[in-house]
Each structure stands twice: as C-alpha cells, then as structure tokens.
Amino acid sequence: MGAPTIAGTGAAFGPHRYHQDDVARELTKVNGPEFMRFARTSGVDHRNLALPLSRYPAMADFTEANDAYIEVATQWGVEALTSALDAAGLAPTDVDAIFLVSSTGVAVPTIDARVATRVGLRPDVKRIPLFGLGCVAGAAGMARVHDYLRGFPGHVAALLSVELCSLTLQHDDTTIPALIGVCLFGDGATSVIARGANRTPEHRGIASGPAVLATRSRLIPDTVDVMGWNVGTKGFGLVLSKDVPKMADEHLRDEVDEFLAEHGLSIDDVSTWVCHPGGPRVIEAIQGAVGMPPDALVHSWDSMREHGNISSASVLDVLGRTLAAPPARGSLGVMLAMGPGFSFELVLLSW
C-alpha cells in the first residue's frame, strides 16, 4: 500500500550510430593501436555517439567537449522526457518534480532546467539534480523518485538520465582504464515517469506499470578508488579498477539476500532482474554472485551489445525493455546497479 508506480519510459540516442569496428578504426588515431584489442572483447556491437565520429580526433579541449555536452544533453533530454510522458499518457504540466542523473559533463544551470523550459514543465516544478553517482545513478535515481513519491503520493515525478560518455575521451591516454572505457561506453538519454499512490491511473489516463515497493542503498567503506573520474585540465579521466567484478563477487549476494529478507522474500521469489550492463565481466559477476538463471539478464546483454555501457542511462534502458514485454501479473523484480563509492543500489518492483 502506498507504493509509487512506474507509468512510462522513454529514450533518445541521436542520429550518430556506428558499428564497433568503425569506432575502433577512427579512435585508434586518438588512443593508438592497443585500442583495437579491447574493442574486440568489449561485447559491444554498435554505439550511438553524441557527435559525428570524425569530430573526436579533432576535439580541441575540455571546453569544446563540455560545450557539446550541454547542447546534446539538452536536446536528447527533451526527446527522452517527451517520449516517456507520451508513454505515460501525461502532459508536461502534470510533472511535479524532475530528478536528473548525469556524470559526464558539467552545466550550471543544470540540464534539467534547460530541458524543463523546452518541454513545457510548470514553472513551479521541483528540480533535483544528482551529480557524481556514475553507473549506479539510474537505480539510485529510481530509488530517490520512490522516496519522493512516498512523501508526496499525489504527485508525478520524472527521472531523466543523460550520459555522453564519448565526450570524456582523453587524447593520447593509453592507460588500461581509458582504453576499456573508450571501447565499452556509449551515449544516450533515458527517462522514467512515475506516479504516487494517490495519483490513480484514472487521472488523465495514466498508464500503469510495476509498483516500486522498496529500496536499499549500500556504500562499501574504503573503496573510493575503485571507480570514478579524475577531473583535471583535460576533463574527465576514467578511474576503473580491475576489482569492480570482485565487488560483486564479495558483496552483492549478501546485499540482495538482506534486502529481500527485510520484506520476507528470497531470491527464489524474484523472477525479473533489471541490471545495469557494466561490461561482460561485470554482468557475468552479477549473474554468478546472485545465482540467476542463464537467461535472467538477456535484456542487459542486449542493451550492452546494441548501445554499449551508457553509465546511469543503461539500467533505465533495460527497464524500458522489460516493460515492453512485462512479466506475469504478481511477479516480483529487482533493479540493481553498482557505481562509484563503491556503492550498490537495489529497487524492489512488483507487477
């Protein structure tokens, strides 16, 4: 009782879509021939990029990259949010709060403010921008939407994730994390519309999806160096430790078990998993740690293959794929992601 409900999702990926081989050939001009070795083992077939591929080798500096981030993030944010509103059967003026998650550029005013005026959100819309959560932010943003709508059950909230990972490209950076990042990450924007428990589907024909029952956040002590950005004069330099899969191996099962036990549940009660596709080794580590069936993460694998790792936007893309072919009524699901901190975020869903 009193649980918020997901009403619709949307996405935007722009016109610049490339096969991984094309990206690899072009970006060896920036990162050297070692790039090819990582590109072939990334599990990514295609990616969408914020800019035409030919622009990247000629990118001058962080200022140019961040200017592009503001322009493209605003455009794609408008498209993703509009798409989610259409799926939910709502008008922009129905939105009471908008949450933004993004960690691949800097904008003040933030992207949500720029998107709000273009989409036509009300002038009194509450804005909650969240920066620096990285890959975990899609699930964390969904959790914070849940918290907000529990407090304001008559409201509608929008979650917008915009990540333009390609714009963090560092010229001549041939470190292993940089090469992996350039091979694995893609660009995109995703959005979710959710309604509070008192905002019934009869209000303006709101679509009804899964209820968001509960959330769990976990920050692992002394792990700030596992994942994140080193921000310098050239922009965002990727921090990506080889210990990321190890974090899942050592901590994830306990987190999932304890989270479910709080609600009288176990892993056997969960039929649907909405997981962030962090990379082949990360997906395999999640599946192994939790003990999922072989086909449990098919949407995560498909999202990664078709778009790469879009940071926080990826798990919301996986959510959209799940809603397109929803599980049986009465099914339970768990959304989960990992990210800088090092941190986990878990969200319990019910269809």
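Our structure is the block above this text.
Described below are features of the structure shown in this document. Keep in mind the model is a prediction, meaning the values are calculated, not measured. (Residues numbered from 1 in each chain as written. Predicted model: local features only at pLDDT ≥ 70, side-chain atom pairs only at ≥ 80, totals over all residues. Heavy atoms only, no water.)

Regarding its fold elements, the chain presents 10 helices and 13 strands. Across its three principal axes, the chain shows a C-alpha extent of roughly 55 × 45 × 35 Å. Across the 351 residues that make up the chain, the buried fraction comes to 59%. For the chain, the exposed area adds up to about 13800 Å²; of that, 53% sits on carbon and sulfur atoms. (Helix = DSSP H or I, 4+ residues; strand = E, 2+ residues; numbered from the N terminus. Buried < 20%, exposed > 50% of the residue type's maximum accessible area, 1.4 Å probe, protein only. Areas by Shrake-Rupley, 256 points an atom, 1.4 Å probe, with all protein chains shown as cover.)

Bringing the packing of helix H3 (residues 62–88) against helix H4 (residues 111–119) into the picture now. At their nearest, the axes of H3 and H4 sit 9 Å apart, and the two run at 55° to each other. As far as their axial angle goes, H4 and H3 are oblique. Along this stretch, H3 crosses H4, giving a crossing that reads as right-handed. Every residue of H4 that contacts H3 at Tyr69, Ile70, Ala73, Thr74, Gly77, Val78, Leu81, Thr82 and Leu85 is listed here: Ile111, Arg114, Val115, Arg118 and Val119. Residue composition of the contact of H3 with H4, by class: nine nonpolar, three polar and two charged. (Axes fitted to C-alpha atoms, helices over the stretch in contact; angles between N-to-C directions. Parallel < 35°, antiparallel > 145°, perpendicular 65-115°, else oblique. Left-handed = near helix turned anticlockwise from the far one by under 90°. Contact = heavy atoms within 4.5 Å. Nonpolar A, V, L, I, M, F, W, Y, C, P; charged D, E, K, R; others polar.)

The next thing to look at is the pairing of strand E12 (residues 332–339). When you tally the buried positions in E12, you get eight out of eight residues, the bulk of the element. Every second residue of E12 is oriented toward a common face, with Leu332, Val334, Leu336 and Met338 on one face and Gly333, Met335, Ala337 and Gly339 on the other, all of them buried. One ladder, built from five bridges, connects strand E11 (residues 270–275) with E12; its direction is parallel. Among the inter-strand pairings, Val274 is bridged to a residue of E12, identified as Met335. Linkage of E12 to strand E13 (residues 343–350), two consecutive antiparallel strands, is achieved through a turn of three residues, within which Gly341 is found at a positive phi near 150°. (Pairing = 2+ DSSP bridges.)

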